[in-house]
Amino acid sequence: MQALNRTLLWNIAFRSFFLQASWNYHGMMNMGFLYALKPGLDKIYIEASDRQEAYKRHLEYFNTNPYFASTIMGVILNLEERFQKGEIGEDIIRDTKEGLMTAFAAIGDGLFWDSWRPFVAALALLLAFENFLITPILFLILYNIPHLILRFKGINLGYKMGTDVIHILPRFQIQRVREGLRYATLTLLCFLIPNYVNLHTPFLISHRLNEFFFFLEKIVQGIGASLAVALVSIAYHAKIDVLMISFLLMVSALLLHHWEILI
Amino acid sequence: MIEITNIALLVALIGGFVDLDSTATWQFMISQPIVAAPLTGVFLGFALGEILPGLRVGLMIGTILQLVWIEQLPMGMNVPPDAALASVLSVALGFSAGHMSDSYVIREVCNTVALLIAVALGLVGRSIDIWIRKLNTSIEKWVTRKIEGDQVFALAVGHVAGGTLTFSKAFVFCFVVTFFGVEPLRAFIQSLNFDQSTGFIVIQGLLPVIGFSVLASKCLQTKLELKFFIGGIVFFTILPALSWAAILLAGIIGWKLSGKAHAGS
């Protein structure tokens with residue numbers, strides 16, 4: 001019989017929203033982790049001295065992907081309960097916490113920061129360029145569906161399954177999801193590049209190509225945008241800082257405008 | 001003077017709230033430029049009686065800033081430039097300085113120059129953020145000492161103090177920049193001639209290139225993918241710009257190719 005009910009677990013998941021409020025260079029998310037976990041520890045340990053030891057244990061270094069933190073909290077509460085019953089040793093809790101935070105940092109950062117956020121951002125950018133005014137709301141809703149599911153479902157799964165939670169990860173086919181998101185983002189980019197980089201040259205106007213004006217302008221824009229993207233990508237691969245690239249792009253734009261190549 | 005004080009206070013409140021989301025709390029991505037900038041535009045537009053123009057300016061600035069900062073990730077020890085503050089301040093400066101002008105060019109130049117200033121402010125924001133994290137480190141040492149001495153109340157105090165510092169930093173920074181920044185920006189824009197002004201509009205049109213390039217560099221992994229990518233650009237250059245078709249195609253390609261990659265692995 002597990003001691004923590006769903007309401008308490010959701011309270012902890014809610015407190016995990018504030019995980020990084022006191023992020024610091026020594027323990028990173030340690031204070032946030034203990035702050036979120038505290039109601040669970042208070043329930044598990046009746047003896048003040050045991051509770052005190054648990055607080056100290058979880059004030060140690062902690063850093064992971066914030067969206068997966070509640071899952072780790074669930075697992076840790078499961079282990080704390082077993083430790084309180086004398087089923088496992090303290091070192092199991094420490095080792096599991098360290099292992100999970102490293103694994104979930106890699107999985108979470110790759111999934112959310114490297115794949116999900118760029119895809120949702122590219123989709124939102126497309127809608128924003130189309131002047132779709134509710135784009136920010138759509139971005140928030142779409143982005144947060146997996147985030148919120150993970151926060152609240154993760155803690156329940158972690159608490160119920162304990163360390164076995166790691167075995168159900170393959171079921172989510174995270175690598176496959178990441179690949180799919182990468183290809184989808186690239187497809188959106190293929191559309192965004194020729195359509196939303198604004199490059200206008202006076203050449204088409206001065207040569208009076210009225211009947212094909214819009215088509216030719218789109219071709220010129222497509223070629224110009226592709227060239228610009230290629231140049232910036234080369235600079236990015238050459239490890240030039242993005243802000244330096246932005247600055248060079250601005251200077252180039254002003255010069256091209258001054259020489260009446262771009263209007 | 002009263003108007004600018006009120007505007008600066010409003011911007012400071014939005015900045016404080018939005019900046020909390022960037023790392024300290026929630027992480028719903030309200031702090032992403034595509035959300036933070038339109039949000040600022042709506043509130044500022046409401047205060048100045050121009051909600052829709054405010055939202056449009058916010059969306060335009062947010063779109064470009066989202067692309068400029070697209071590679072900045074809060075992973076591990078990395079403290080990215082403060083995109084949230086940059087978004088809030090660029091809309092605050094650009095919209096406040098330009099909204100009264102009848103000229104489209106002046107309004108657009110206000111937005112573009114504010115956007116460029118905000119990129120630099122994002123870097124200042126990062127420096128302040130690093131300083132706040134160092135302060136948090138001192139707080140953490142204090143909390144550890146207190147907990148070892150059985151004074152558990154220190155945990156909540158220390159944790160809340162961290163969040164409060166983040167909010168206060170953003171509040172003060174946004175207030176100061178808005179209060180002192182709008183008039184000099186307006187004066188600078190008025191000093192530009194027509195040719196210089198339109199030059200800034202050309203910059204605005206080209207800025208998305210940065211984000212597109214960074215995103216493409218991160219996503220492309222093989223030469224074959226690069227060939228298909230170029231083919232895709234040609235395809236969408238020739239075809240009419242149908243955004244729904246692009247979304248549909250992205251969905252199909254993402255679904256189909258992920259399955260193939262999975263089967264291959």
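Since this is a predicted model, take the numbers as computed values, not measurements. (Residues numbered from 1 in each chain as written. Chains lettered and ligands numbered in written order. Predicted model: local features only at pLDDT ≥ 70, side-chain atom pairs only at ≥ 80, totals over all residues. Heavy atoms only, no water.)

(A) Structural context of the overall build of chain B. Along chain B, the regular secondary structure elements total ten helices and zero strands. Of the regular secondary structure in chain B, the N- to C-terminal order runs α-α-α-α-α-α-α-α-α-α. Taking the principal axes of its C-alpha atoms as reference, chain B extends roughly 70 × 60 × 25 Å. For chain B, the residues scored as buried account for 57% of the 265 residues in total. When contacts within chain B are restricted to residue pairs at least 6 apart in sequence, those whose partners lie at least 24 apart make up 76%. Here chain B has roughly 11,100 Å² of accessible surface; of this, 71% comes from carbon and sulfur atoms. Charged side chains in chain B number 15 positive and 15 negative. The centres of these two groups are separated by 11 Å. (Helix = DSSP H or I, 4+ residues; strand = E, 2+ residues; numbered from the N terminus. Buried < 20%, exposed > 50% of the residue type's maximum accessible area, 1.4 Å probe, protein only. Contact = heavy atoms within 4.5 Å. Areas by Shrake-Rupley, 256 points an atom, 1.4 Å probe, with all protein chains shown as cover. Lys, Arg positive; Asp, Glu negative; His and termini not counted. Charge placed at Lys NZ, Arg CZ, Asp CG, Glu CD.)

(B) Just the domain arrangement of chain A, in detail. For chain A, the domain assignment lists domain 1 (6–106 + 145–171) and domain 2 (197–258). Averaged C-alpha coordinates put domain 1 of chain A and domain 2 of chain A at centres separated by 50 Å. (Domains from an automatic or database assignment.)

(C) Quick peek at the nonpolar core. Of all hydrophobic cores here, the largest spans 158 residues; its most connected members are A:Met73 and A:Leu77. A per-element tally of this core places helix 5 (residues 90–129) of chain A first, with 17 residues. (Core = buried A, V, L, I, M, F, W, Y, C linked by side-chain atoms within 4.5 Å.)

(D) Broad picture of the interface of chain A and chain B. Of the residues lining the interface, 96 residues belong to chain A; the matching set on chain B comes to 98 residues. Together chain A and chain B conceal approximately 8,700 Å² of surface at their shared face, both sides included; 74% is due to carbon and sulfur atoms. Ranking the residues of chain A by area buried against chain B places A:Tyr25, A:Arg117 and A:Leu133 at the top, with a combined share of 8%. Counting every contact that joins chain A to chain B gives one salt bridge. Measuring nitrogen to oxygen at the nearest pair gives 2.8 Å for the salt bridge that ties B:Glu225 to A:Arg182. The tally of links between chain A and chain B comes to 30 residue pairs in polar contact (both at pLDDT 80 or more). Those elements that place two or more of their residues in the side of chain A that touches chain B are helix 2 (30–44), helix 3 (48–57), helix 5, helix 6 (135–161), helix 7 (174–196), helix 9 (213–237) and helix 10 (242–258) of chain A. Split into classes, the residues belonging to the side of chain A that touches chain B amount to 59 nonpolar, 26 polar and eleven charged. (Buried area = accessible area lost by both parts, 1.4 Å probe. Salt bridge = Lys/Arg side-chain N within 4 Å of Asp/Glu carboxyl O. Polar contact = N/O pair within 3.5 Å; in protein donor to acceptor, adjacent residues only side chain to side chain. Nonpolar A, V, L, I, M, F, W, Y, C, P; charged D, E, K, R; others polar.)

(E) Structural detail: the packing of aromatic side chains. Taken as a whole and assessed by the stated rule, the structure comprises 24 aromatic pairs over all chains. When the ring of A:Phe68 is compared with that of A:Phe104, the centres are 5.0 Å apart and the planes differ by 15°; the resulting orientation is stacked. In this pair, A:Phe68 sits in the loop between helix 3 and helix 4 (69–84) while A:Phe104 sits in helix 5, placing the two residues 36 residues apart along the sequence. Of the two residues examined, A:Phe68 and A:Phe104, each falls in the buried class. Cluster of aromatic residues (ring-pair linked, three or more members): A:Tyr67, A:Phe68, A:Phe104, A:Phe112, A:Trp113, A:Phe139 and A:Tyr143. Above the face of the A:Tyr183 ring, A:Arg182 is positioned so that its terminal group lies 4.8 Å from the ring centre. A cation sits over an aromatic face here: B:Arg133 above A:Trp23, 4.5 Å from the ring centre. (Phe/Tyr/Trp six-rings, centres within 6.5 Å; stacked < 30°, edge-to-face > 60°. Lys NZ or Arg CZ within 6 Å of the ring centre and 35° of its normal.)

(F) Representation of the side chain of A:Ser246. On the secondary structure map, A:Ser246 appears in helix 10. On the accessibility criterion, A:Ser246 (5% relative accessible area) is buried. Ignoring any residue separated from it by four or fewer positions in sequence, one finds A:Ser246 in contact with B:Val68 and B:Ile210.

(G) The domain arrangement of chain B, seen in detail. Assigned domains of chain B: these are domain 1 (4–219) and domain 2 (222–265). For domain 1 of chain B and domain 2 of chain B, the distance between their C-alpha centres works out to 33 Å.

(H) Representation of the packing of helix 1 (residues 6–15) of chain A against helix 2 of chain A in the model. Residues and elements named next belong to chain A. Close contact between helix 1 and helix 2 brings their axes to 7 Å; oriented N to C, the two are set at 160°. Here helix 1 is positioned roughly antiparallel relative to helix 2, judged by the angle of their axes. In this structure, the crossing between helix 1 and helix 2 has a hand that is right-handed. Between helix 1 and helix 2, the residues in contact are Leu8, Asn11, Ile12 and Arg15 and Tyr35, Ala36, Leu37, Pro39, Gly40 and Lys43, respectively. Residues that form the contact of helix 1 with helix 2 fall into these classes: six nonpolar, two polar and two charged. (Axes fitted to C-alpha atoms, helices over the stretch in contact; angles between N-to-C directions. Parallel < 35°, antiparallel > 145°, perpendicular 65-115°, else oblique. Left-handed = near helix turned anticlockwise from the far one by under 90°.)

(I) Local environment of a nonpolar patch on the surface. The grouping of A:Ile240, A:Met244, A:Phe247, A:Leu248, A:Val251, A:Leu255, A:Trp259 and A:Ile261 at the surface amounts to a nonpolar patch, some 740 Å² of accessible area in total. Its place among the elements puts A:Leu255 in helix 10. (Patch = residues over 30% accessible without salt bridge, like charges linked within 9 Å, V, L, I, M, F, W, Y side chains within 5 Å.)

(J) Layout of the packing of helix 2 (residues 33–48) of chain B against helix 3 (residues 51–68) of chain B. All names here are of chain B. Look at helix 2 against helix 3: their axes get within 7 Å of each other, and the N-to-C directions meet at 160°. The angle between helix 2 and helix 3 places the two elements in the roughly antiparallel class. Considering only the axes of helix 2 and helix 3, their crossing is right-handed. Residues Pro33, Ile34, Ala37, Pro38, Gly41, Val42, Gly45 and Phe46 of helix 2 form the contact with helix 3, whose own contacting residues are Ile51, Gly54, Leu55, Gly58, Leu59, Gly62, Thr63, Leu65 and Gln66. Looking at side-chain class alone, the contact of helix 2 with helix 3 contains ten nonpolar, seven polar and no charged residues.

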